[in-house]
Amino acid sequence: MPVSHTWNADRASEIIAQHRELEGPLLPILHALQDEFGYIDAAAEPVLAEALNLSRAEVHGVVTFYHDFRRAPAGRHVLKLCRAEACQAAGGDALAARAEKQLGIAMGTTAPDGSVTLEPIYCLGLCATAPSAMVDGRVVGRLDPQRLDAVLAEVQR
């Protein structure tokens, strides 16, 4: 199902109802909401708290703890650069700075035109091919400036 990017309280309530009987339903519901809308709207937190008999603080804490939950829609492309130690040691810091400069955005933000979101990720498990990245769910290892430039050109098209 395509991501809608438009929050819909009725659809969110359906998703909550479909998952609320699971053991430990909060994470599955949050994943399902993000799959549906592309992000977790702040309006979901009080609804989830009520439906699951949790405090709003508990729900907010889970949403903000996990890096993969977005608070706003992502760009058309998502570029995740590994920021873990092995990638840093292999030149990841310079590549992150290069990506920020070429895209004109800071890590953790989306380009104003909505073309790309640049996110840190803390280990893709590709330490042997560091530095690495993920582009729209596809992993890319052995990044160097030229390979990164090709990735940046891809997400800016």
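Residues numbered from 1 in each chain as written. Predicted model: local features only at pLDDT ≥ 70, side-chain atom pairs only at ≥ 80, totals over all residues. Heavy atoms only, no water.

Side note on the packing of helix α5 (residues 85–103) against helix α6 (residues 145–156)
Part 1 of the argument: Where α5 contacts α6, the two axes come as close as 11 Å, and the packing angle between them is 35°. For the element pair α5 and α6, the recorded crossing hand is right-handed. On α6, the residues touching L95, R98, A99, Q102 and L103 of α5 are P145, L148, D149, L152, V155 and Q156.
Part 2 of the argument: Within the contact of α5 with α6, the residues separate by chemical class into seven nonpolar, two polar and two charged. (Axes fitted to C-alpha atoms, helices over the stretch in contact; angles between N-to-C directions. Helix = DSSP H or I, 4+ residues; strand = E, 2+ residues; numbered from the N terminus. Left-handed = near helix turned anticlockwise from the far one by under 90°. Contact = heavy atoms within 4.5 Å. Nonpolar A, V, L, I, M, F, W, Y, C, P; charged D, E, K, R; others polar.)

Let's talk about the sheet that holds strand β2 (residues 109–110)
Sheet strands line up and pair through hydrogen bonds in the backbone, either parallel or antiparallel.
Part 1 of the argument: One open sheet holds the five strands; their spatial order is β2-β3-β1-β4-β5, and the pairing between them is mixed. Among the strands making up the open sheet, the edge pair consists of β2 and β5 (138–140).
Part 2 of the argument: In this structure, strand β4 (residues 133–135) lies alongside β5, joined through three bridges in antiparallel fashion. Across the sheet, M134 pairs through a bridge with V139, a residue of β5.
Part 3 of the argument: Set on the sheet, α6 makes contact with β1 (77–82), β3 (116–121), β4 and β5; between it and β1 the angle comes to about 155°. (Pairing = 2+ DSSP bridges.)

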